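Residue-level listing of the chains:
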Amino acid sequence: PDGVPDEEGEALLDDALTDRPLDGSRWLRLTLALTWHDRFFLRAQDAHAVACRLVSELARSAGAAHHLRLEAALTLLQHPSSQRAVLRAVGSWLTDPDVQVVFPMLTVLQQLEDPGASNLVCRLMDAPSGQLARGAIQVAAAKLARGHIGRAHLALIEQHAIRGLVTPTSKRSADLLDLLTHLPADSFP
């Protein structure tokens, strides 16, 4: 039989909710157990707690441990039952002014074709942190290339690009150029 046995999945979920150690492979196993079915149900606070812990560990890991956690986060992100919790956890992480590690979360955000993700990217392009703003511009360009941006968010991205052209900064010029190349032709009347 395929999938993760229910008893193992329940034990992994209990570990995740009680802060017991989970290595990258156990995180991936947990997410495979949760996403095996078309829908799964967790209390909102449990889904949020699991997603926040995974995001936090993803930001703090390296090597194979990082890649396994990234795969786990992307697996949860692609499932309708957990997508919102992961997006909220990523948003909380990226908008925390004390956070310095942003690129793993931006990678996660880039994968999601969701208006909430696009809204977060648009907000982050004007972040006070230069590193976060540049990363958000890169994510916006990637989302444009994938067709993940709707009309309302496209207008915000166009406005940001115009502001960048009018008041160029050398630190953002390459990222801005990449963003401009991914805007649709009708953005340039």
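Our structure's up above, just so we're on the same page.
Caption draft 1: Looking closely at unusual backbone geometry. Positive phi is not limited to glycine here, since Asp-19 has a value of about 60 degrees. Here Asp-19 falls in the exposed class, since its relative accessible area comes to 61%.

Caption draft 2: Focus on the nonpolar core. Residues Leu-94, Val-108, Leu-109, Ile-157 and Leu-179 are the most contacted members of the largest nonpolar core, which totals 58 residues. Setting aside residues no more than four positions away along its own chain, Ile-157 makes contact with Cys-122, Met-125, Ala-140, Leu-144, Ile-149, Leu-179 and Leu-183.

Caption draft 3: Main features of the layout of surface pockets. Considering only enclosed or pocket space, the largest pocket measures out at about 290 Å³ in volume. Taken together, 18 residues form the lining of the largest pocket, with Leu-42, Ala-47, Ser-81, Ser-82 and Ala-85 sitting closest to its centre. If you list the elements that add at least two residues to the lining of the largest pocket, you get helix H3 (44-60) and helix H5 (83-95). Tallied by class, the residues present in the lining of the largest pocket amount to 12 nonpolar, 4 polar and 2 charged.

Caption draft 4: Examining the packing of H5 against helix H6 (residues 103-110) more closely. For the pair H5 and H6, the least separation of the axes is 10 Å and the interaxial angle reads 145 degrees. When you trace H5 past H6, the crossing you get is left-handed. Here H5 contributes Val-86, Leu-87, Val-90, Trp-93 and Leu-94 to the contact with H6, which in turn contributes Met-105, Leu-106, Val-108 and Leu-109. The class makeup of the residues in the contact of H5 with H6 is 9 nonpolar, no polar and no charged.

Caption draft 5: A look at the side chain of Ser-187. Summarising the element assignment, Ser-187 is placed in the segment after helix H10 (173-182). For Ser-187, the side chain forms a polar contact with the side chain of Glu-158, separated by 2.3 Å. The residues touching Ser-187, leaving out its near neighbours within four places in the chain, are Leu-154 and Glu-158.

Caption draft 6: Structural context of the environment of Pro-5. In this structure, Pro-5 sits in the segment before helix H1 (6-17). The class for Pro-5 is partly exposed, based on a relative accessible area of 40%. Pro-5 sits 133 residues away from Gln-138 along the chain, and the two C-alpha atoms are 40 Å apart.

Caption draft 7: Geometry of H3. The end-to-end C-alpha distance of H3, which contains 17 residues, comes to 24 Å, matching closely the 24 Å that a straight helix rising 1.5 Å per residue would cover. Listed as buried for H3 are Asp-46, Ala-47, Val-50, Ala-51, Arg-53, Leu-54, Val-55, Glu-57, Leu-58 and Ala-59. Check the buried side of H3 and you find it contacts H1, helix H2 (24-34), helix H4 (63-77), H5 and H6.

Caption draft 8: Broad picture of the pattern of salt bridges. Overall, the coordinates contain 8 salt bridges when judged by the stated rule. The salt bridge partner of Asp-15 is Arg-26, with a shortest N-O separation of 2.5 Å. Note that Asp-15 is positioned in helix H1 and Arg-26 in helix H2, a separation of 11 residues in sequence. Looking at Asp-15, the relative accessible area reads 10%, which means it is buried. A salt bridge links Glu-57 to Arg-69, with the nearest nitrogen and oxygen atoms 3.1 Å apart. Remark: Arg-69 occurs in helix H4 and Glu-57 occurs in helix H3; sequence separation between them is 12 residues. This pair shows no difference in class: Glu-57 is buried, exactly as Arg-69 is. Salt bridges sharing partners connect three or more residues here, namely Asp-14, Asp-15, Arg-20 and Arg-26.

Calculation rules
- Residues numbered from 1 in each chain as written.
- Predicted model: local features only at pLDDT ≥ 70, side-chain atom pairs only at ≥ 80, totals over all residues.
- Heavy atoms only, no water.
- Buried < 20%, exposed > 50% of the residue type's maximum accessible area, 1.4 Å probe, protein only.
- Core = buried A, V, L, I, M, F, W, Y, C linked by side-chain atoms within 4.5 Å.
- Contact = heavy atoms within 4.5 Å.
- 1 Å grid on protein atoms, 1.4 Å probe; cavity = no way out; pocket = protein on both sides within 12 Å on 5 of 7 lines; lining within 4 Å.
- Points joined across faces, edges and corners; volume = space filled by probe spheres on them.
- Helix = DSSP H or I, 4+ residues; strand = E, 2+ residues; numbered from the N terminus.
- Nonpolar A, V, L, I, M, F, W, Y, C, P; charged D, E, K, R; others polar.
- Axes fitted to C-alpha atoms, helices over the stretch in contact; angles between N-to-C directions.
- Left-handed = near helix turned anticlockwise from the far one by under 90°.
- Polar contact = N/O pair within 3.5 Å; in protein donor to acceptor, adjacent residues only side chain to side chain.
- Expected span 1.5 Å × (residues − 1).
- Salt bridge = Lys/Arg side-chain N within 4 Å of Asp/Glu carboxyl O.

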